[in-house]
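An overview of the molecular structure
Residue-level listing of the chains:
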Amino acid sequence: MVIDVLFPIDAEAFTYLVPEGLEQKIKIGVRVLAPFRMGKKVGIVSGIGSPATMSLRGTLATKQSLRENENQEIATSRNVGTRNDKKIITLKPIEAVLDEEPLIPENLFKLIKWVGQYYISTSGLALKNAVPSGVLEGRKSGKSRITYDTDIRPVKIFNLTAEQKNALSEINSAQSGVFLLYGVTGSGKTEIYIRAIESLGDKEAIVLVPEIALTAQIIDRFRSRFGDKVAFFHSGLSEGEKISQWRKIRNGEVRVALGVRNAVFAPFKNLGLIVVDEEQEASYKQFEGLKYHSRDVALARSKLEGIKIILGSATPSIETFYNAQKEKFKYLELKSRIEEKPMPGVEILDMTNENKKTWIFSDKLLNALNKNISQGYQSLIMLNRRGYSPFLMCTDCGYTYKCPACSITLTYHKDTKTLNCHYCGSYLEPKDTCPDCKGSRIKYIGIGTQRVEEELNTLIPEISLKRMDRDSTRRKHAHYRIVKDMEDKKIDILMGTQMVAKGHDFPDVTFAAVVFADVALNLPDFRSSERAFQLFTQLAGRAGRGDVPGEVYIQTYEPHHYVFDYVRKHDYKGFYEKEIELRKELSYPPFSRLIRIVFNFKNRDVIEKTIRDVSVKIKRTKIPDVDILGPAPAPIEKLRNQWRWHIVLKGRNYKTLRQNALAILNAVKEIKDIKIDVDVDPVNMM
Ligand code: ADP
Ligand code: ZN
């Protein structure tokens, strides 16, 4: 007997012999211990056959396999488990079978393979993303140190509104299918998720939320309703905690898995429903390594399992809303906020002619803020840029500090007195004099959250102010503490990056503001208006969720940008109509699909010649139905010491796009000096 074994590495499966004594223990999905390179490695059985059939299958697989060469190299150079190939080299036997029953449920294993294929990556890398390494290695579960409050308020059982009832009964009466639950902020979507899960009987559910900042309140809400039948997945867990949460799910000890991105791989065996909250969020897409989109993987999983899925949002992605319009998704709408609470008034403040008390805040904003505070309510202020100031400039010669590894200006952070690169994480300490002209008139240009915090502390020293951004929330549970302090009204003003805009339900927040909306506008990305609209609408959605109506102020130097027309009127559908026309004109998604390929160079000198070679080869691969844009320098031309060029493949049909992408990868694989990244359905074009 020979078997294919998949390891959690960037490769397809490797083939091994099974010693006779172990043959009857072999099943798809069980773990085995096998010799690998100089040592041993735990992998999962992904195929079973006789030597003859395996080599045939292997050859077929090889033809499809993109990373063929790399894998063969690993296998042959180490002379252990070999990839199937025409020249079969001596197969090594596995050493042990570690499970009696498959560790990975069958459908999940299918999903993992699908992910590897769809994203033009490898099944091994998908496995690595899907299953905590400690689980594969059979390490002990960590003691759960999850220290959330134990005194969960029972967050109340109420009667559903008519709209909620309608939506819920549609969901409950279906076995399968995709639902778009479109409902304005505060319309009671979360309540529908909870009740839909309660109605599943003994079936299980996955709930995806976009990021940890959002999870605190939703975790409490789910705990108050499902008690210890919920497992949590988020980036704040230790490895040991991840293992114990994974095992709980696998052993059927919980009914709900709630978490970020990789919770889509929760190892349930009897799944009945997947919920994707805020389905439009870009953070569902992984930007490094395996570039999967958790919402899209969730859609694939729901299909594979034959179950239903709810995509919930107050600002659905253009693609999702389009699918609902085309009746590919079932459309459910919650038109009004709970208890008919009014949407907040939104005022766009033109900073080009505002009277400014300080250079950061307009008179109008400050007055409204002061009034809100004096009435005892809470406020949110957003500036979607962390740090103190986005650059330091020498006013004598114009010098600005750039990251040595990236084509990015460095952001000054006052707390650490460092200039930080927000892309690669490197930092340096600025000098008192200009490194270029030795001048001493160095200025902070522009604003970040730390500077806004400083300004607010000067202007309104008596209030309790908290900053929430990636820097202030690095410590474990830091988000959770801030959210708790907001709930307990220990904070008057919560200011920060987009983190303050997302998901929270603080009834006493009646004021929300954007300091400098322009940060979000006009980025070189076809989704920049969509993102800006979503962000401002979400922030506005935090205000006035309790008994007192909210008010929202947005400061901008570009008040006539079309995004604001729709933000002001809370008019998602109007925005959609406008945006879908633009997408159609330019045939961007949803009118096309995209695959982006980035070529990374270590050495700048070889780029010109190499790109010429690449272009010639790419041209030869062209298929009529696919447009190839580029090669051109990526908007971020240098990142972590790599120079980056990219092409974007655009076409209507995924299959032909993928075929063309594979042809390109095949054509350029001999070219030296480049490292290639593939991104299927890219979300970030930078
Ligand atoms: P969304 O997820 O759409 O933003 P939520 O589900 O958070 O909305 O609901 C907003 C608020 O209204 C929450 O505090 C929630 O507890 C409350 N709520 C939800 N449904 C009802 C209802 N039927 N009656 C009263 N309050 C409700
Ligand atoms: Zn950098």
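Residues numbered from 1 in each chain as written. Chains lettered and ligands numbered in written order. Predicted model: local features only at pLDDT ≥ 70, side-chain atom pairs only at ≥ 80, totals over all residues. Heavy atoms only, no water.

**Some details on the overall build of the chain**
- When helices and strands are counted, the chain shows 19 helices and 27 strands.
- Relative to the globule expectation of 26 Å for 686 residues, the C-alpha radius of gyration of the chain, 27 Å, shows essentially globular dimensions.
- Each of the three principal axes of the chain carries a C-alpha extent, and together these read 80 × 65 × 50 Å.
- For the chain, the accessible area works out to roughly 29,800 Å², and carbon and sulfur atoms hold 49% of it.
- Taking the 105 positively charged and 85 negatively charged side chains of the chain as two groups, their mean positions are separated by 4 Å. (Helix = DSSP H or I, 4+ residues; strand = E, 2+ residues; numbered from the N terminus. Rg over C-alpha atoms; globule rule 2.2 N^0.38 Å. Areas by Shrake-Rupley, 256 points an atom, 1.4 Å probe, with all protein chains shown as cover. Lys, Arg positive; Asp, Glu negative; His and termini not counted. Charge placed at Lys NZ, Arg CZ, Asp CG, Glu CD.)

**What about the coordination of the zinc ion (ligand 2)?**
- Looking at the zinc ion (ligand 2), one finds its protein donor set to be Cys403 (SG), Cys406 (SG), Cys421 (SG) and Cys424 (SG), positioned 2.3 Å from the metal centre.
- For the zinc ion (ligand 2), the four donor atoms in the first shell make angles of 105 to 112 degrees at the metal, so the coordination geometry reads as tetrahedral.
- All donors of the zinc ion (ligand 2) come from a single chain, and their spacing in sequence reads C-x2-C-x14-C-x2-C. Within this pair, whereas Cys406 is found in the loop between strand 15 (391-394) and strand 16 (411-413), its partner Cys424 is found in the loop between strand 17 (418-420) and strand 18 (427-428), the two being separated by 18 residues in sequence.
- Cys424 sits in the partly exposed class, given a relative accessible area of 24%. (Donors = N, O, S within 2.8 Å, 3.2 Å for Na, K, Ca; no water. Tetrahedral: all angles 85-135°; square planar, octahedral: opposite > 155°, others 65-115°. Buried < 20%, exposed > 50% of the residue type's maximum accessible area, 1.4 Å probe, protein only.)

**Concerning the side chain of Lys650**
- With respect to the helices and strands, Lys650 occurs in strand 26 (residues 642-651).
- One buried charged residue, Lys650, forms no salt bridge at all, with the nearest opposite charge on Asp627 at 5.4 Å.
- In this structure the side chain of Lys650 is engaged in a polar contact, spanning 3.5 Å, whose partner is the backbone oxygen of Ser587.
- Setting aside anything within four residues of it in sequence, one finds Lys650 in contact with Leu586, Ser587, Tyr588, Ser592, Arg593, Leu594, Asp625, Val626, Asp627 and Leu657. (Salt bridge = Lys/Arg side-chain N within 4 Å of Asp/Glu carboxyl O. Polar contact = N/O pair within 3.5 Å; in protein donor to acceptor, adjacent residues only side chain to side chain. Contact = heavy atoms within 4.5 Å.)

**Brief notes about the site of ligand 1**
- Close to ligand 1 lie 16 residues, the nearest being Asn159, Gln164, Lys189, Thr190 and Asp505.
- The contact in question runs from a nitrogen atom of ligand 1 to an N or O atom on the backbone of Asn159, over 2.9 Å.
- Burial of ligand 1 by the protein chains amounts to 86% of its free accessible area of 560 Å².
- At three residues, helix 7 (residues 189-198) tops the list of elements feeding residues into the shell around ligand 1.
- Split into classes, the residues belonging to the shell around ligand 1 amount to four nonpolar, seven polar and five charged. (Near = heavy atom within 4 Å. Nonpolar A, V, L, I, M, F, W, Y, C, P; charged D, E, K, R; others polar.)

**Side note on the nonpolar core**
- Within the largest apolar cluster, 121 residues are counted, with the highest numbers of intra-cluster contacts made by Phe536, Ile554 and Leu649.
- At seven residues, the largest contribution of residues to this core is made by helix 19 (residues 654-668).
- With sequence-adjacent residues up to four places away left out, Ile554 is seen in contact with Val346, Glu347, Ile348, Leu349, Val514, Ala517, Phe536, Phe564 and Val567.
- If you look at the next biggest cluster of nonpolar residues, it comprises 30 residues, including Ala174, Leu181, Phe226 and Leu258. (Core = buried A, V, L, I, M, F, W, Y, C linked by side-chain atoms within 4.5 Å.)

**Describing the sheet that holds strand 24 (residues 593-601)**
- Within the open sheet, the four strands sit side by side as 25-26-24-27. Their pairing is antiparallel. Only two strands of the sheet have a single partner each, and these edge strands are strand 25 (626-639) and strand 27 (674-680). Averaged over all pairs of adjacent strands, the angle between strand axes in this sheet comes to 20 degrees, irrespective of strand direction.
- Here strand 24 pairs with strand 26 via nine bridges, running antiparallel. (Pairing = 2+ DSSP bridges. Axes fitted to C-alpha atoms, helices over the stretch in contact; angles between N-to-C directions.)

**So, the environment of Arg386**
- With respect to the helices and strands, Arg386 occurs in the loop between strand 14 (378-382) and strand 15.
- On the basis of relative accessible area, Arg386 is assigned to the buried category, the value being 11%.
- Residues Arg386 and Gly227, 159 residues apart in the sequence, show an inter-C-alpha distance of 36 Å.
- Apart from the residues within four sequence positions on either side, Arg386 is in contact with Thr411, His413, His422, Gly448, Thr449, Asp469, Arg470, Asp471, Arg474 and Thr497.

**So, the confidence of the model for the chain**
- Residues with a pLDDT of 70 or more make up 92% of the chain, whose mean pLDDT is 90.
- Low pLDDT, under 50, characterises residues 56-88; the predicted model gives this stretch 68 contacts beyond four residues in sequence or across chains. (pLDDT = per-residue confidence, 0-100.)

**Here we look at the packing of aromatic side chains**
- Under the criterion given, the structure shown has 30 aromatic pairs.
- Both rings, one in Phe526 and one in Tyr588, keep their centres 4.3 Å apart while their planes meet at 0 degrees; by these two values the pair is stacked. Of this pair, Phe526 sits in the loop between strand 22 (509-514) and helix 15 (528-541) while Tyr588 is found in the loop between helix 17 (572-585) and strand 24, placing the two residues 62 residues apart along the sequence.
- A relative accessible area of 15% means that Phe526 is categorised as buried.
- Of the aromatic side chains, those joined through ring pairs into one cluster are Tyr182, Phe321, Tyr331, Phe533, Tyr562, Tyr566, Tyr572, Phe575 and Tyr576.
- In this structure, Lys578 packs its charged tip against the face of Tyr562, placed 4.8 Å from the ring centre. (Phe/Tyr/Trp six-rings, centres within 6.5 Å; stacked < 30°, edge-to-face > 60°. Lys NZ or Arg CZ within 6 Å of the ring centre and 35° of its normal.)

**Focus on helix 12 (residues 363-374)**
- With twelve residues, helix 12 should cover 16 Å at 1.5 Å per step; its first-to-last C-alpha distance of 16 Å lies within 8% of that length.
- Within the sequence span of helix 12, burial applies to Leu365, Leu366, Ala368, Leu369, Asn372 and Ile373. Down the axis of helix 12, the buried set is contained in an arc of 165 degrees. They therefore lie on one face. Of the exposed residues in helix 12, the ones pointing more than 90 degrees away from its buried face are Lys371 and Ser374. (Expected span 1.5 Å × (residues − 1). Arc of directions from axis to C-beta.)

**A short note on the sheet that holds strand 12 (residues 330-334)**
- Strand order across the open sheet formed by seven strands is 8-9-7-10-11-6-12, with parallel pairing between neighbours. Since the sheet does not close on itself, it has two edges, and those belong to strand 8 (230-233) and strand 12, each with one partner. Shown here is a sheet whose adjacent strand axes are inclined to one another by a mean of 15 degrees, direction ignored.
- Pairing of strand 7 (residues 204-208) with strand 9 (residues 256-259), which is carried by four bridges, proceeds in the parallel orientation. Within strand 9, the residue paired with Ala205 across the bridge is Val256.
- Lying over the sheet, helix 6 (residues 162-173) contacts strand 6 (177-183), strand 11 (308-313) and strand 12, oriented at roughly 160 degrees with respect to strand 12.
- Docked against the sheet, helix 10 (residues 294-305) engages strand 6, strand 7, strand 10 (271-277) and strand 11, running at close to 160 degrees with respect to strand 10.

**Remarks on unusual backbone geometry**
- Here the bond from Pro589 into Pro590 is cis, since omega is 10 degrees, no more than 30 degrees from zero.
- Here the residue pair Gly630 and Pro631 is connected by a cis peptide bond, since its omega of 5 degrees sits within 30 degrees of zero.
- A positive phi angle, near 50 degrees, is found at Glu278, a position not held by glycine.
- Along the chain, Glu278 turns up in the loop between strand 10 and helix 10.
- For Glu278, a relative accessible area of 9% puts it in the buried group.

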